[in-house]
Amino acid sequence: MKQDRLRRLLRLPATSGRMASDVDAEFRFHLEGRIEQFMAHGMTRDEALAEVQRRFGDAAAYKRDALTIDEAGLRQMRTMEWLSALRRETVRSVRTLSRTPSFSVIAVLTLALGIGASTAIFTVLDSVVLRPLPYSQPEELVAVLHPATVPGSGERKWGVSPGGYFHFRKNSQTLANLGIYQVGGTVVTGDREAEVVDLAVVTSTIFDVLRARPALGRLVTADDDRPDSARAVVLGYAYWQRRFGGDPEILGRRVETSDGAYEVIGVTEPGLTLPIPGPFSAAASLNGVDMDLWIPMKLDPAGPFWNNHPYVGVGRLRPGHTADDAQRELATLTAQLPDVVPNAYTAGFMKQYNFRAGVTPLREEVLGPTLPRTLWMLFAAVLLVMSIAAANVANLFLVRFEARRREVAVRTALGADRRHLAVHYIAESLALCTVACVLGMVLSWAALRGVIALAPADIPRLSSVALGPWAIAFAIGVAALVALVFGVMPLFRRDETTLTMRDEGRSSTASRGRRRVRSTLVVSQLATALVLLAAAGLLLRSFGRLREVRPGFDTSHVLAFNLALPFSEYDTREEALAFHRVLEERIRALPGVADVGSVSYAPFEGFGTGCTTVWRADAPYAPGESTPCVSTPTAMPGFFESLRISVRGRIPTWRDVDDRTQAVVVTAALAERLWPGQDPIGRGINSNGADSKEWYQIVGVVPELRAEALDRPPTEAVFYAPTGFRINQRTGNLNDLTWTVRTSGSSASGLAPAIRGILAELNPRVPFVEPRTMDQVKSRSMARTSFVMVLLGIAAAVALSLSIVGTYGVVSYIVSQRRAEIGIRLALGATRQSVSRMVMTDSLRLGLTGAALGMLGAFVVNRTLVALLFEVSPTDPWVLALAAVVLIAFATLAALLPARRAAGTDPVEALRG
Amino acid sequence: MPDPELELLRGTFDLLILKTLGWGPQHGLGVLRWIEQVTENRLQIEEGALYPALHRLEHRGWVDATWRLTENNRKAKFYRLTPLGRRQLTAEVSRWQRYTEAVGMVLSAQGGAA
């Protein structure tokens, strides 16, 4: 082995040019030797040449063959040499690294934390924001909605009305097509256990817009989507698999639902989902929502049309048009609505509600504005943290390099060239970065598990967040980049090596410069940490504020669930009420149950998503006065008690229901709007119009209720009793109520099996839907805030730990640099305390500078958080001050160890060394 | 003169080269002359084929090569068997012997089997 290397060294370096001339010479030698041989046997030179050439064959081809073999050999040899050098250097560097464990541990930890945090945030960003919508050419898709300003309640986004739909489809030049749909549920009955399924009511055009294909049969066509078409249904692929075992003979079969039977005309392609833009769903998701059944809407183009906006509109832009073009065009078309559909839209309505068109890229609408911005900001912050961490480690590397200058200089002088050194440094940084990368991935995996465990249901696709191939590629990419930079970095300082051989390399100015660089890095690290700490603090405070908000009801010890009474069995009010009363009594009889009630939709689950106009009996609205459009749920007796909603006056009872007293309860917020400063009890209210004869009497007032969300203004609502009056689908439907059951102290979720049992006994065809506790509902309503809070918390914790490590590093370095000085001080009588105070002061100075810069940064950056904050200013002085105190405290703590070490310096030894 | 019937069997050329080099370092022409000499010119070899073969053996590490001067003071590329090549030669020789023995047994067998 040794001999081989020696020989290789003595030989001229192998290059392909050199190899070619070698082969030439070799062949020439052969041919000339042969010619001489034959001439010696009496041939003439020409004869000999001819004979030699005949015997030799195609010299050019053989030359080529020989050369090819040589070149392959050369390549292989070089690779082998490089690899064996790398292996050798890796072994060597692992050995040197383990000889300086503190350096290695700090470097690895720093990088691992950086890689881990950035990978975790990248993963979330990737799966929530970066991936495309699951449709072909998704960038052409736009959401079509109607923003409106609801007087007294603020900005809302309503859907498209049927009248608007026909008008837009007929006249839009910018949209290639437009589809509208509504998502809901129904109950599939038939020979198997009844189950609640997700139902999409769609226009046939939506399939064209989404470019969907059937897996079997056909999707809803224009012919299926007329008022007189047969009752047809398209099955979702997953539902077809689940319920019908993927039966290929499904076409033409009937599906029985609580809304009647449908004939199956097709099955969608696998994975076809409906996009649910923000205002229509708490669970917005780029992936869209899986649908079990798709049925045609069968709108009549001839009308009549009403002023209702329940449908999500999704359009596909014509090539060459942008969402802005479509927005301008639809704004014009929307303004024409009072002329086109006069009975649904009046000029007064348009003006009063500031009713407008809202065309936005579907992606934006689904994600909402806040989340992507927040995640990007977070990612940028983490990348910043990562790069500062990397810079810090780079600095450590340089310090090490400095310490090894002599070694390197000797190696260089002995003939190690740039490439050898590169191999050495790359091996060393590769060893570190590999460990850091693996550790980082473990950390980010753990962090993600934590994030998912905190499970906010309304963050798009968070449940599918996992360390995927992209994230792993990202982590490895970052690690590789860092490794390469670290490995190559020292090479650019090679020119110093000759100097090192000459002097002793004890230049104090150089170390002062380095100290400045290191301090700058640590200060920027501390500053970033402060910004993140402050951001996390702001959200924490918001969260605290949110929790302090009194919603006007008590969510603890309440189980909520939904029932879906099949219309086939419970078609009338009496049938539904009868079942209800029986069930209520049975549940009330369960041990531990305190109160039972039910309502059209529970607080935090449906308030504020739609509204109904209400009128007061005693005074028609003045021309300038805004008409309130409010939530109008139906509340069964027992509802207010079950949620401990206090009511002034009285609560309608079963007697009111039986006698049809038309007693209603309103919230104080609504009462204050309708009758400012007056007592509303006894006054009349309705939802059918000022000229109606039917008025409901207010018997109770809820003084305080925030049922939309904790961060929304007090709710305006009318709680109707189940008097059979159907105001619209949302409020009048007794077949789909949310039940709320309060237990007396025992666990609410523990009730679910017992109630399920009662239901099975009463009527097994009534599905028991989505049992949840109201506490869960409440925390879900705060999910966005808590989710971002957790992510920011992670980032802040990482930034803080890195800056502690950084501070520790730089202070230790300073101490080691000043060892001689400290020795002198001690020798001259300085106390150990004063020495350690000196070191602590250094650290404190770093902390103060970092905190000051970070404050400035937080002032600027944290304004972007404003949409997520609740009753907290982005520059909240308490939060900023607390963050600064924490930061400075930790920075000072980081100096404790080096300070102790400094104080423990032996003056004699320090001065000698 | 070469016997036109006796073309070299595939794969045996390497063996011949290794065997020849087994007697000592030699340049390409020398290898060829040696083979001619001991076979009394019976084998028909296209001489150029020798070089890709030699380079391949070198690539495999069975021989190595250096430029040296011949007796006539000419520079020639001498090939030498490496220890690895010597082991290879032993193995190849024994394999060849087993092979020819087996073929010989078939060819010299008497009578036909049932």
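Everything quoted here is computed from the prediction, not taken from an experiment. (Residues numbered from 1 in each chain as written. Chains lettered and ligands numbered in written order. Predicted model: local features only at pLDDT ≥ 70, side-chain atom pairs only at ≥ 80, totals over all residues.)

Here we look at the overall build of chain B
Helix and strand counts for chain B stand at 4 helices and 3 strands. Helices and strands in chain B line up, N terminus first, as α-β-α-α-β-β-α. The buried share among the 114 residues of chain B stands at 29%. (Helix = DSSP H or I, 4+ residues; strand = E, 2+ residues; numbered from the N terminus. Buried ≥ 20, exposed ≤ 12 C-beta atoms within 10 Å, placed from the backbone.)

Comments concerning the interface of chain A and chain B
Between chain A and chain B, the residue contacts involve 18 residues of the former and 15 residues of the latter. Those elements that provide at least two residues to the side of chain A that touches chain B are helix 2 (16-40), helix 3 (45-56) and helix 4 (59-99) of chain A. Among the elements that make up the side of chain A that touches chain B, the one with the highest residue count is helix 4 of chain A (8 residues). Per-class residue counts for the side of chain A that touches chain B are 8 nonpolar, 4 polar and 6 charged. (Contact = placed C-beta atoms within 7 Å. Nonpolar A, V, L, I, M, F, W, Y, C, P; charged D, E, K, R; others polar.)

A few points about helix 16 (residues 469-488) of chain A
Given 3.6 residues per helical turn, the α-helix brings residues three or four places apart onto the same face. An ideal rise of 1.5 Å per residue puts 28 Å on 20 residues; helix 16 of chain A measures up with 28 Å between its terminal C-alpha atoms. For helix 16 of chain A, every residue scored as buried is listed here: A471, F474, A475, V478, A479, V482, A483, F486 and G487 of chain A. (Expected span 1.5 Å × (residues − 1).)

Here's the deal with the environment of L81 of chain B
All names here are of chain B. With respect to the helices, strands and loops of the structure, L81 is situated in strand 3 (residues 75-81). Between the C-alpha atoms of L81 and L18, which are 63 residues apart in sequence, the distance is 7.1 Å. The contacts of L81, once residues within four sequence positions are left out, are L18, L21, G22, V63, R86 and L89.

A closer look at the sheet that holds strand 14 (residues 558-564) of chain A
Residue and element names in this part refer to chain A. With respect to topology, 4 strands assemble into an open sheet ordered 15-24-14-25, the strand pairing being antiparallel. The sheet is open, and its two borders are formed by strand 15 (593-599) and strand 25 (768-773), each paired with just one other strand. On average, each strand axis in the sheet is inclined to that of its neighbour by 20°, with strand direction left out of account. The pairing of strand 14 with strand 25 spans 4 bridges and is classified as antiparallel. If you follow L559 over to strand 25, its bridge partner there is T773. Most of the contacts of helix 19 (residues 573-588) go to strand 15, to which it runs at about 155°, and overall it touches strand 15 and strand 24 (736-743). Where helix 25 (residues 774-781) meets the sheet, it contacts strand 14, strand 24 and strand 25, and its direction lies at approximately 75° from that of strand 25. (Pairing = 2+ DSSP bridges. Axes fitted to C-alpha atoms, helices over the stretch in contact; angles between N-to-C directions.)

Focus: the nonpolar core
Judged by nonpolar contacts, the single largest core of 238 residues is most densely connected at L111, V385, L530, L532, V664, L792 and A795 of chain A. A total of 19 residues in this core trace back to one element, the largest contributor, which is helix 26 (residues 783-817) of chain A. Leave out the neighbours within four places in its chain, and L532 of chain A touches A381, L792, A795, A796 and A799 of chain A. Of all hydrophobic cores here, the second largest spans 27 residues; its members include A66 and I69 of chain A together with L16 and I17 of chain B. (Core = buried A, V, L, I, M, F, W, Y, C linked by C-beta atoms within 7 Å.)

A closer look at the packing of helix 1 (residues 12-21) of chain B against helix 4 (residues 83-108) of chain B
All names here are of chain B. With their axes 10 Å apart at the nearest point, helix 1 and helix 4 run at an angle of 125° to one another. What the angle tells us is that helix 1 and helix 4 run oblique. Seen from above, helix 1 lies across helix 4 with left-handed handedness. In contact with L15, L18 and K19 of helix 1, helix 4 contributes G85, Q88, L89, E92 and W96. Its residues placed into classes, the contact of helix 1 with helix 4 shows 4 nonpolar, 2 polar and 2 charged. (Parallel < 35°, antiparallel > 145°, perpendicular 65-115°, else oblique. Left-handed = near helix turned anticlockwise from the far one by under 90°.)

Here's the deal with the pairing of strand 12 (residues 312-317) of chain A
Strand residues, when the strand is regular, have side chains that alternate between the two faces of the sheet. Residues and elements named next belong to chain A. For strand 12, the buried fraction is high: 6 of the 6 residues fall into the buried class. With burial as the criterion, each face of strand 12 is covered, one bearing V312, V314 and R316 and the other bearing G313, G315 and L317. Bridge analysis of strand 1 (residues 141-150) against strand 12 gives 4 bridges, and the strand direction is antiparallel. The residue of strand 12 that forms the bridge with V144 is G313.

Examining the environment of F122 of chain A
Residues and elements named next belong to chain A. Structurally, F122 can be placed in helix 5 (residues 101-130). Overall, F122 belongs to the buried group, with 22 C-beta atoms counted inside 10 Å. Through-space distance from the C-alpha of F122 to that of F474 is 8.0 Å; in sequence the pair is 352 residues apart. Not counting residues within four places of it along the chain, the set of residues in contact with F122 comprises F379, A471 and F474.

With respect to the environment of K157 of chain A
Within the secondary structure layout, K157 of chain A lies in strand 2 (residues 154-158). Residues K157 of chain A and P147 of chain A, spaced 10 residues apart in sequence, show a C-alpha to C-alpha distance of 4.2 Å.

Some thoughts on the confidence of the model for chain A
Residues and elements named next belong to chain A. Here chain A averages 81 in pLDDT, while 87% of its residues score no lower than 70. Within chain A, the lowest mean pLDDT, 41, falls on helix 23 (residues 729-732), and the highest, 93, falls on strand 6 (residues 232-235). Considering only residues more than four positions removed or in separate chains, one finds that residues 726-731, a stretch of pLDDT under 50, has 14 contacts. (pLDDT = per-residue confidence, 0-100.)

A few points about the confidence of the model for chain B
Averaged over chain B, the pLDDT score is 85; the fraction of residues at 70 or greater is 88%. Across the predicted assembly, pTM comes out at 0.61 and ipTM at 0.87.

Description of the sheet that holds strand 1 (residues 26-27) of chain B
All names here are of chain B. Spatially, 1-3-2 is the arrangement adopted by the 3 strands of the open sheet, whose pairing is antiparallel. In this open sheet, the two edge strands, each paired with only one partner strand, are strand 1 and strand 2 (63-69). Note: strand 2 against strand 3, 7 bridges, orientation antiparallel. Bridging from a neighbouring strand, L69 pairs with K75 of strand 3.

As for unusual backbone geometry
Here the phi dihedral of Q662 of chain A falls at roughly 60°; this positive angle occurs in a residue that is not glycine. Note that Q662 of chain A resides in the loop between helix 21 (654-659) and strand 20 (663-667). The phi torsion at E40 of chain B lies on the positive side, around 50°, for a residue other than glycine. Assignment of secondary structure puts E40 of chain B in the loop between helix 2 (28-39) and helix 3 (50-60).

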